[in-house]
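Spelled out, the chains give:
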Amino acid sequence: MKVEIDSFSGAKIYPGRGTLFVRGDSKIFRFQNSKSASLFKQRKNPRRVAWTVLYRRHHKKGITEEVAKKRSRKTVKAQRPIVGASLDLIKERRSLKPEVKKASREEKKKADKEKKKADKAARKAEKAKLAASGGAKVSKQGAKGAFQKVAATSR
């Protein structure tokens, strides 16, 4: 004996009961009675019709205590190294005290400033050397390879 299930209400349909509805796209719907068929054809949502199985499931009705909440396992975060930084380096950096972090940052800033100053001085010295050697003054565009202006000559 094959027991079907109502497409709308979710109720059991025993042999010799109910109706069959075949939609234009050849999908088959079975209904236990005209009440569920009518509501289906009115395009009602079975989750909003209080007596349907879908409503009861959606609103968690009639669930026994034995099927209580499932225990969810907490995920354990695993530390993994990143490209360019090993695991012990990451842990070491994380464990640094804020004062030490701040001091190292200040030290780095100072070193960068000094390097920038030295670079600027080197550039200035090179520019002065170029000017002293008697090199013709070249504009930025000229240095990039722009055409030289030709001085007008009179006849």
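The present account deals with the structure reproduced in this document. (Residues numbered from 1 in each chain as written. Predicted model: local features only at pLDDT ≥ 70, side-chain atom pairs only at ≥ 80, totals over all residues. Heavy atoms only, no water.)

Formed by Phe8, Phe29, Phe31, Ala37, Leu39 and Val49, the largest nonpolar core amounts to six residues. Of all the secondary structure elements, the ones that give two or more residues to this core are strand S4 (28–31) and helix H1 (34–41). Those residues in contact with Leu39 that sit more than four places away from it in its chain are Phe8, Lys44, Val49 and Trp51. (Core = buried A, V, L, I, M, F, W, Y, C linked by side-chain atoms within 4.5 Å. Buried < 20%, exposed > 50% of the residue type's maximum accessible area, 1.4 Å probe, protein only. Helix = DSSP H or I, 4+ residues; strand = E, 2+ residues; numbered from the N terminus. Contact = heavy atoms within 4.5 Å.)

What follows concerns the layout of surface pockets. Considered as a void within the structure, the second largest pocket measures approximately 170 Å³ in volume. Looking at the second largest pocket, the residues that line it are Ser7, Phe8, Phe21, Arg23, Phe40, Lys41, Arg43, Lys44 and Pro46. Among the residues forming the lining of the second largest pocket, the class breakdown is four nonpolar, one polar and four charged. (1 Å grid on protein atoms, 1.4 Å probe; cavity = no way out; pocket = protein on both sides within 12 Å on 5 of 7 lines; lining within 4 Å. Points joined across faces, edges and corners; volume = space filled by probe spheres on them. Nonpolar A, V, L, I, M, F, W, Y, C, P; charged D, E, K, R; others polar.)

So, about the packing of aromatic side chains. Taken as a whole and assessed by the stated rule, the structure comprises five aromatic pairs. Where Phe8 meets Trp51, the ring centres are 6.3 Å apart and the plane angle is 55°; that geometry is what we call tilted. Of this pair, Phe8 sits in the loop between strand S1 (4–5) and strand S2 (12–13) while Trp51 sits in the loop between H1 and helix H2 (53–58); the two residues are 43 residues apart in sequence, bridging distant segments of the chain. Taken together, the aromatic side chains of Phe21, Phe29, Phe31 and Phe40 make up a single cluster linked through ring pairs. (Phe/Tyr/Trp six-rings, centres within 6.5 Å; stacked < 30°, edge-to-face > 60°.)

So, about the side chain of Thr52. By secondary structure assignment, the location of Thr52 is in the loop between H1 and H2. Only 3.2 Å separates the side chain of Thr52 from the backbone nitrogen of Tyr55, close enough to count as a polar contact. The contacts of Thr52, once residues within four sequence positions are left out, are Phe8, Ser9 and Pro46. (Polar contact = N/O pair within 3.5 Å; in protein donor to acceptor, adjacent residues only side chain to side chain.)

Once that is clear, we can look at a positive patch on the surface. Residues Lys101, Lys102, Arg105, Lys109, Lys113 and Lys117 make up a contiguous surface patch of positive charge. Note that Lys109 resides in helix H4 (residues 98–132). (Patch = residues over 30% accessible without salt bridge, like charges linked within 9 Å, V, L, I, M, F, W, Y side chains within 5 Å. Areas by Shrake-Rupley, 256 points an atom, 1.4 Å probe, with all protein chains shown as cover. Salt bridge = Lys/Arg side-chain N within 4 Å of Asp/Glu carboxyl O. Lys, Arg positive; Asp, Glu negative; His and termini not counted. Charge placed at Lys NZ, Arg CZ, Asp CG, Glu CD.)

What follows deals with the pattern of salt bridges. Under the criterion given, the structure shown has four salt bridges. A salt bridge links Glu4 to Arg30; the shortest N-O distance between them is 3.4 Å. Placement of Glu4 in strand S1 and of Arg30 in strand S4 is noted, with a sequence separation of 26 residues between them. Assessed through its relative accessible area of 30%, Arg30 is described here as partly exposed. Here Lys115 ties to Asp119 by a salt bridge, and the two come within 3.9 Å at their closest N and O atoms. Linking Lys115 with Asp119, this pair stays in helix H4, spanning four residues, or about one helical turn.

Taken together, the side chains of Met1, Val3 and Tyr14 define a hydrophobic patch exposed on the protein surface, amounting to about 350 Å² of accessible area. Here Tyr14 shows up in the loop between S2 and strand S3 (19–22). On the accessibility criterion, Tyr14 (42% relative accessible area) is partly exposed.

Among all residues save glycine, negative phi is the norm, and among peptide bonds the norm is trans. Its identity is not glycine, yet Ser26 carries a phi of approximately 70°, on the positive side. Structurally, Ser26 can be placed in the loop between S3 and S4. For Ser26, a relative accessible area of 59% puts it in the exposed group. Positive phi is not limited to glycine here, since Lys60 has a value of about 55°. Following the sequence through the fold, Lys60 ends up in the loop between H2 and helix H3 (87–95).

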